[in-house]
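Listed below, chain by chain, are the residues.
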Amino acid sequence: MKGEYKTKPRNAIIEYLKENADTRFTARDILNAVDVEGVELDRSTVYRNLERLCKEGCLVKYKETGVNATCYQYSEGHGSCHDHMHAQCSVCGKIFHLDNSILEDASAKIKKEYGIEIDYGKTVLMCICQECKKK
Ligand SMILES: [Zn+2]
Ligand SMILES: [Zn+2]
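Predicted model, so just to flag it, every value in this text is computed and none were measured. (Residues numbered from 1 in each chain as written. Chains lettered and ligands numbered in written order. Predicted model: local features only at pLDDT ≥ 70, side-chain atom pairs only at ≥ 80, totals over all residues. Heavy atoms only, no water.)

Ligation of the zinc ion (ligand 2) by protein atoms is provided by Cys 89 (SG), Cys 92 (SG), Cys 129 (SG) and Cys 132 (SG), these donors lying 2.3 Å from the ion. Angles of 106 to 114° at the metal separate the 4 donor atoms of the zinc ion (ligand 2), which places the site in the tetrahedral class. In primary sequence terms, the donor set of the zinc ion (ligand 2) follows C-x2-C-x36-C-x2-C. With a gap of 43 residues between them, Cys 89 in strand S4 (residues 86–89) and Cys 132 in helix H5 (residues 130–134) connect regions that are remote in the sequence. Residue classification places Cys 89 among the buried residues on the basis of a relative accessible area of 1%. Using a relative accessible area of 10% as the deciding quantity, one classes Cys 132 as buried. (Donors = N, O, S within 2.8 Å, 3.2 Å for Na, K, Ca; no water. Tetrahedral: all angles 85-135°; square planar, octahedral: opposite > 155°, others 65-115°. Helix = DSSP H or I, 4+ residues; strand = E, 2+ residues; numbered from the N terminus. Buried < 20%, exposed > 50% of the residue type's maximum accessible area, 1.4 Å probe, protein only.)

This is the structure:
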């Protein structure tokens with residue numbers, strides 16, 4: 001919006017998220033990285049905004065194995081993270097947003113065999129990404 005010079009914390013955070021859409025980060029990373037003049041950012045502001053973005057489905061939140069922190073990753077152009085499955089690299093922790101349609105067959109089979117339905121939004125497949133496979 002033109003004429004709007006005051007940057008709100010939320011906008012500053014979203015800027016950061018967009019620039020780092022492929023990487024995971026913690027609330028502390030944001031606190032350290034986001035340094036916009038005139039924006040008051042403290043721990044609780046960051047947490048509050050991250051929680052809200054998670055609820056809106058723009059952000060996927062997960063517990064990192066071995067790291068005592070909650071990590072986040074931004075989802076842009078993947079739709080709501082509440083509606084699809086994710087895969088996580090067990091080495092670097094990177095999150096991949098999966099298209100549910102790839103799993104339609106498996107989902108139908110699981111439902112038929114076991115009588116259960118997959119909750120896509122809560123499912124994370126563990127994997128090893130290409131980058132980590134090269135190492
Ligand atoms: Zn997602
Ligand atoms: Zn990896």
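Turning next to the environment of Ile 118. On the secondary structure map, Ile 118 appears in the loop between helix H4 (104–114) and strand S6 (124–127). Note on Ile 118: relative accessible area 25%, which makes it partly exposed. Distance in space between the C-alpha atoms of Ile 118 and Glu 19 is 32 Å, their sequence separation being 99 residues. With near-sequence residues (within four places) excluded, Ile 118 lies in contact with Met 85, Ser 107, Ile 110 and Thr 123. (Contact = heavy atoms within 4.5 Å.)

It is worth spelling out the domain arrangement of the protein chain at this point. Here the protein chain is partitioned into domain 1 (1–77) and domain 2 (83–135). Look at where the C-alpha atoms of domain 1 and domain 2 centre, and you get two points 24 Å apart. Listed per partner, the contact involves 8 residues of domain 1 and 8 residues of domain 2. Of the roughly 650 Å² buried between domain 1 and domain 2 on both sides combined, carbon and sulfur atoms contribute 50%. It is Val 60, Tyr 62 and Gln 73 in domain 1 that bury the most area against domain 2; as a group they hold 50% of the surface buried on that side. Scanning the region where domain 1 abuts domain 2 turns up 0 salt bridges. Applying the counting rule to domain 1 against domain 2 returns 3 residue pairs in polar contact (both at pLDDT 80 or more). Of all the secondary-structure elements, those providing two or more residues to the side of domain 1 that touches domain 2 are strand S2 (59–63) and strand S3 (70–74). Here the residues of the side of domain 1 that touches domain 2 are counted per class, giving 3 nonpolar, 2 polar and 3 charged. (Domains from an automatic or database assignment. Buried area = accessible area lost by both parts, 1.4 Å probe. Salt bridge = Lys/Arg side-chain N within 4 Å of Asp/Glu carboxyl O. Polar contact = N/O pair within 3.5 Å; in protein donor to acceptor, adjacent residues only side chain to side chain. Nonpolar A, V, L, I, M, F, W, Y, C, P; charged D, E, K, R; others polar.)

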